[in-house]
Structure formats: C-alpha cells, structure tokens
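Topology and contacts: notes
Residue strings, one per chain:
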Amino acid sequence: MSKTYFNNRDASNIEKLDRILDEDLPDFCREYFVGISSNTTPLTRLNYAYDIRTFFNYLCAKIVRFKSKSVKEVTPADIESLSPFEIEAYLSYIEIYKDKDGNVVKNSARGKSRKLAAIRSLIKYFEKKQVIRYNPTASVDTPKLREKEIIRLEGHEIENMLDVVDTGAGLSERQQKYQENTRVRDLAMVSLLLGTGIRVSELVGIDMDDVNFDDLSFVVTRKGGARVILYFSEEVAGYLYDYYTVRQADTALKNESALFLSLQKKRITTRAVENIVKKYSAVATPLKHITPHKLRSTFGTQLYRNTGDIYVVADVLGHKDVNTTKRHYAAITEDIRRKASTKVNLRSAPKNDEDD
C-alpha cells in the first residue's frame with residue numbers, strides 16, 4: 001500500500017530534521033520541534049527548520065553583538081534581546097541575498113511571511129513555556145500578501161494539453177523519442193491530475209492496489225496522512241486503464257507496488273512529474289507557466305463553475321478550511337452570481353391561447 005511510501009518519506013524528513021538540529025541549530029530548538037510534533041507533519045517541521053536556520057545564520061553573520069558566537073551557541077536570552085527593528089532588518093535582508101554557496105536567493109512577500117511565521121512559532125513556544133518573556137516579533141507587521149491570480153487552463157487549453165501528450169506534436173525530436181515510450185503513462189498521469197485535482201505528492205504515492213475500476217475509485221493519502229477515497233470519470237478511466245493494464249502485464253515489476261513508474265522502473269518522483277507537465281504545457285499553452293498545482297486549480301475551477309458549491313470543492317480538493325478554497329476561487333464567484341440571476345423567474349411563462 002502507498003502508506004509504505006509516505007511512511008518512508010516521513011522517516012526521511014525526520015532524519016533530515018535531526019541532522020539540522022544536530023549540526024545547524026542551537027540545542028534549545030530541539031525542545032521546540034519535539035513540542036510541535038503532535039500537531040505537525042515531518043515535512044512541515046523540516047520546512048520550519050530550514051527557515052529557522054536561515055534566521056540564525058543571519059543573526060551570527062550580520063548582527064554585530066552575535067558575530068563572536070556560532071549558531072550552536074545562541075541562547076533563548078539572545079532571542080529575547082532582539083528588537084523589532086532587527087527582525088524587520090532580517091525580513092529586508094532576505095528579500096534578495098546570497099547563500100553560503102554564493103547562490104542568489106529571492107523571497108517574495110509570501111516567502112518572507114512564511115519565514116516570519118516560523119520565527120514567531122519558535123518564540124511563542126518558549127514564551128508559553130516562560131523561557132522567553134519578551135517577544136520581539138509581536139510588533140512586527142506581517143508582509144502584505146497580494147492575492148495571486150489563479151493561473152489555470154481553459155477548456156480548449158485542456159484539449160490542447162491532452163493532444164500534445166497523446167501525439168507529441170510540437171515537441172523536440174529528442175522529446176518525441178521519450179514520448180513514444182511514456183505516452184500511455186503520461187496520459188494517465190495528466191488526465192488524473194486534471195480530472196480529480198489531486199496534489200502531485202498524492203499522485204506519486206498511489207499504489208496499484210489503490211485503484212478500483214469497478215466503481216471508478218482510488219485511494220490517496222492526504223496531507224497529515226489521512227487515507228481518502230476519491231472518484232474519477234469514465235473519460236479518465238479510459239486513460240488510466242490503458243496504462244494500468246500495461247503496468248500490470250509487466251511481470252518483472254510484481255514486487256513494485258507503485259502505480260506510476262519512471263523509466264528506471266522505480267516510483268516516479270514529484271520533480272519528474274513537474275518536469276513532465278512543464279514539457280507538455282510549454283507546447284500546449286506557451287504563454288502560461290503550468291505546473292501540477294495549476295492543473296489542480298484547473299480542476300477546482302471547473303468543479304466550482306459546474307456546481308457553484310464551494311463546500312464540495314473544498315471537500316474534493318482536501319482543504320481542511322473552506323476559507324482556503326474561497327480565497328483561491330473567489331474570482332469565479334462572479335460567474336456563479338451571473339448564472340444565479342437567471343434561475344428565478346418573477347412571472348410564470350405566458351400560456352398559449354389554446355390553453356384558455
């Protein structure tokens with residue numbers, strides 16, 4: 001079952017987190033990560049660790065009174081000594097900077113907001129434990145986020161995308177050679193992303209045993225580990241069944257549980273799926289930067305337009321908070337309102353003369 005895949009992924013993320021805690025963060029941070037482990041995923045904690053590490057590296061490299069310390073020597077008292085201005089200076093610094101390898105790193109308002117949230121979470125934890133009594137982030141404004149326009153495929157663009165995957169038209173000669181070997185698999189993957197709105201991480205985690213063609217259903221592991229049954233259409237079933245039968249017929253792979261495989265006959269990675277979507281969409285919709293997440297947005301938009309029910313969309317997409325869904329699809333509400341205006345008649349239809 002795909003539970004094994006996600007368990008292995010979680011174990012890998014926990015191992016990476018332990019390495020960062022041992023080598024790159026002050027010892028007191030371990031208590032924080034243990035404290036939040038019951039209500040966060042290993043991936044969330046790992047991302048927090050990356051952001052917190054960036055902050056501590058900045059402190060010891062850029063703030064004069066900390067330059068004599070290594071990151072491992074920073075204490076809660078040092079954090080408490082920071083001023084709101086020094087936090088704001090950090091947010092200004094990370095807008096564009098060079099990392100230790102000389103690579104230029106940029107952070108949008110969203111990136112800065114996320115990094116500030118990680119620092120706040122750390123400080124609030126120790127504030128709650130009364131280890132820290134002054135929170136220097138309390139009076140720091142969160143960077144203002146602009147609502148991002150939803151980039152999605154429209155009806156004709158969906159058809160173009162599937163046509164390119166199916167025929168390889170427009171691809172380079174080298175790409176077409178790969179496409180000849182991966183056409184059936186790629187059609188199954190792209191149609192499943194477009195037809196169900198699942199996340200790319202959910203797609204790569206699907207196992208052979210998770211698919212049921214009797215009722216056109218499959219099982220995915222959502223964020224947080226919940227196993228959920230979703231359904232696909234007859235149209236998606238056609239593409240998926242073509243690949244499933246080819247995949248099942250390969251007896252050399254009987255010990256491999258993953259549904260979608262790379263050319264190396266191993267479970268395909270999220271990065272590989274992202275590159276596949278990028279390759280086909282660059283031909284189908286060259287003016288739009290399409291990712292697997294944009295295919296998810298395409299499905300969500302289509303579903304909302306056809307149902308007008310934001311709660312259905314939230315449930316199918318696996319959003320825990322319907323407000324997340326509302327933020328993403330607020331722009332579509334105008335379409336729904338326009339359709340609603342035609343649904344109520346003030347007068348009944350006029351009778352024919354012969355009915356009198």
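Reading guide: rules and limits
- Residues numbered from 1 in each chain as written.
- Predicted model: local features only at pLDDT ≥ 70, side-chain atom pairs only at ≥ 80, totals over all residues.
- Heavy atoms only, no water.
- Helix = DSSP H or I, 4+ residues; strand = E, 2+ residues; numbered from the N terminus.
- Buried < 20%, exposed > 50% of the residue type's maximum accessible area, 1.4 Å probe, protein only.
- Contact = heavy atoms within 4.5 Å.
- Areas by Shrake-Rupley, 256 points an atom, 1.4 Å probe, with all protein chains shown as cover.
- Lys, Arg positive; Asp, Glu negative; His and termini not counted.
- Charge placed at Lys NZ, Arg CZ, Asp CG, Glu CD.
- Core = buried A, V, L, I, M, F, W, Y, C linked by side-chain atoms within 4.5 Å.
- Arc of directions from axis to C-beta.
- Polar contact = N/O pair within 3.5 Å; in protein donor to acceptor, adjacent residues only side chain to side chain.
- Pairing = 2+ DSSP bridges.
- Phe/Tyr/Trp six-rings, centres within 6.5 Å; stacked < 30°, edge-to-face > 60°.

**Comments concerning the overall build of the protein**
Helix and strand content of the protein: 15 helices and 5 strands. Expressed as lengths along the three principal axes of its C-alpha atoms, the size of the protein is roughly 90 × 65 × 40 Å. Within the protein, the proportion of its 356 residues that are buried is 42%. A fraction of 59% describes how many contacts in the protein between residues 6 or more apart in sequence connect residues 24 or more apart. A total accessible area of about 20600 Å² is found for the protein, and carbon and sulfur atoms account for 49% of it. Each charge class in the protein can be summarised by its mean position, and for the 57 positive and 50 negative side chains these summaries are 6 Å apart.

**A short note on the nonpolar core**
In this structure, L192 and F260 are the most contacted members of the largest nonpolar core, which totals 46 residues. When residues of this core are traced back to their parent elements, those giving at least two are α1 (2-23), α7 (155-167), α8 (173-196), α9 (200-204), β4 (217-221), α10 (234-249) and α11 (270-284). With 7 residues, α8 is the largest single contributor of residues to this core. Discounting residues that sit within four places of it in the chain, L192 has contacts with G197, I198, L203, I206, F218, F232, V236, L240 and F260. I20, Y58, V71 and F126 belong to the second largest nonpolar core, which has 37 residues in total.

**Topic: the environment of L46**
Topologically, L46 is positioned in helix α3 (residues 42-62). With 13 residues separating them in the primary sequence, L46 and F33 have C-alpha atoms 9.3 Å apart. Setting aside residues no more than four positions away along its own chain, L46 makes contact with N13, K16, L17 and I20.

**Some details on helix α13 (residues 310-317)**
When we look at burial in α13, the residues that qualify are I310, V313, A314 and L317. One face of α13 carries all of its buried residues, which in axial projection span an arc of 100 degrees. α13 presents Y311 and D315 as exposed residues on the side facing more than 90 degrees away from its buried surface. The N-cap residue of α13 is D309: its side-chain oxygen and the backbone nitrogen of Y311 are 2.9 Å apart. Just downstream of α13 lies G318, where phi reads positive at about 80 degrees.

**Some remarks on the pairing of strand β5 (residues 227-231)**
With 5 bridges joining them, β4 and β5 adopt antiparallel strand pairing. Paired with V220 across the bridge in β5 is V228.

**Concerning the packing of aromatic side chains**
Counted under the stated rule, the structure contains 15 aromatic pairs. With a centroid separation of 5.1 Å and 85 degrees between ring planes, the pair formed by F213 and Y241 is classed as edge-to-face. On the criterion of sequence distance, the pair formed by F213 in the loop between β3 (211-212) and β4 and Y241 in helix α10 is long-range, its members being 28 residues apart. Judged by its relative accessible area of 22%, F213 falls in the partly exposed class. Taking relative accessible area as the criterion, Y241 reaches 43% and is therefore assigned partly exposed. Between F213 and Y244, the ring centres sit 5.1 Å apart and the planes meet at 75 degrees, which makes this aromatic pair edge-to-face. With F213 in the loop between β3 and β4 and Y244 in helix α10, this residue pair connects regions lying 31 residues apart in the sequence.

**Comments concerning the sheet that holds β4**
Spatially, 3 strands are ordered β3-β4-β5 in an open sheet, and the strand pairing comes out antiparallel. The open sheet has two free edges, formed respectively by β3 and β5, since each of these has just one partner strand.

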